[in-house]
Amino acid sequence: EAQVTQNPRYLITVTGKKLTVTCSQNMNHEYMSWYRQDPGLGLRQIYYSMNVEVTDKGDVPEGYKVSRKEKRNFPLILESPSPNQTSLYFCASSFQGGGGSNQPQHFGDGTRLSIL
Amino acid sequence: QKEVEQNSGPLSVPEGAIASLNCTYSDRGSQSFFWYRQYSGKSPELIMSIYSNGDKEDGRFTAQLNKASQYVSLLIRDSQPSDSATYLCAVNGAGSYQLTFGKGTKLSVIP
């Protein structure tokens, strides 16, 4: 089954404790992306990756890091989480990036992070 | 900053009616346009994509694109209570790897 898998689904943690949210896709997609969704602000892109070892900032990258060492994995790292990073996070993948491609993005089920 | 604007709603329509959802975008160079549906607590799922001016129909859904006016719309015919969800408009710029989302319109279909 084609899918994007995020872990954990839920996490409550404290300010400053480093955490990683994993994302894995089994569709051999080149493009992967992280979004956060907040009430009244919609989905905002954090980082995206066009391929292995190629990443770029989205609209709200501050406080986050990513890496793309393998095609299937795209972890999101919060080195020193703060309460303003409490949010619902989605990972997504597609065969190619946007810009003229006809490939829609497939989303994971989401990770709800609470930073106390 | 590329912007995608949607009315937040809620938009309430009776069952069986046509629901009309609208979206405007700021980047005139945008080339790809998508409508996603998101049920409460769930991830977005793609329901329509459109790339050229005009209408595109898929079952009860019709997407309409007018690049000159920089708007894209989604019509849902014979609306059902199961269509009650938040609808997200998303736009890709030319040569861009970024997908910019609107804040979504919440649709409520009243039985």
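Below: a short report on this structure. From a predicted model like this one, the values you see are computed outputs, not experimental measurements.

Considerations on empty space enclosed by the protein
Residue and element names in this part refer to chain B. In total, this model carries two cavities of 30 Å³ or more according to the counting rule given. Of the voids in this model, the largest cavity is the one considered here, and its volume is about 50 Å³. For the largest cavity, the full set of lining residues is K2, E3, V4, Y25, S26, D27, S30, V91, N92, G93 and T100. The element contributing the most residues to the lining of the largest cavity is strand β9 (residues 85-93), with three residues.

Here's the deal with the state of the cysteines
A full pass over the atoms with the stated rule returns two disulfides over all chains. The disulfide bridge from A:C23 ends at A:C91, spanning 1.9 Å between sulfur atoms. On the S-S bond that ties A:C23 to A:C91, the torsion sits near -75°, and the link is left-handed. One end of the pair, A:C23, is in strand β3 (residues 19-25); the other, A:C91, is in strand β9 (residues 87-94), and 68 residues separate them in sequence. Residue classification places A:C91 among the buried positions, given a relative accessible area of 0%. Two residues share a disulfide in this structure: B:C23 and B:C89, whose sulfurs sit 2.1 Å from each other. Measuring handedness by torsion sign, the sulfur bridge of B:C23 and B:C89 sits at about -70° and is left-handed. Highlighted residues: B:C23 in strand β3 (residues 19-25) and B:C89 in strand β9, separated in sequence by 66 residues. Neither B:C23 nor B:C89 differs from the other in exposure class; each is buried.

The rules we used
- Residues numbered from 1 in each chain as written.
- Chains lettered and ligands numbered in written order.
- Predicted model: local features only at pLDDT ≥ 70, side-chain atom pairs only at ≥ 80, totals over all residues.
- Heavy atoms only, no water.
- 1 Å grid on protein atoms, 1.4 Å probe; cavity = no way out; pocket = protein on both sides within 12 Å on 5 of 7 lines; lining within 4 Å.
- Points joined across faces, edges and corners; volume = space filled by probe spheres on them.
- Helix = DSSP H or I, 4+ residues; strand = E, 2+ residues; numbered from the N terminus.
- Disulfide = S-S within 2.5 Å.
- Buried < 20%, exposed > 50% of the residue type's maximum accessible area, 1.4 Å probe, protein only.

On their own, these measurements won't tell you what the molecule is for.
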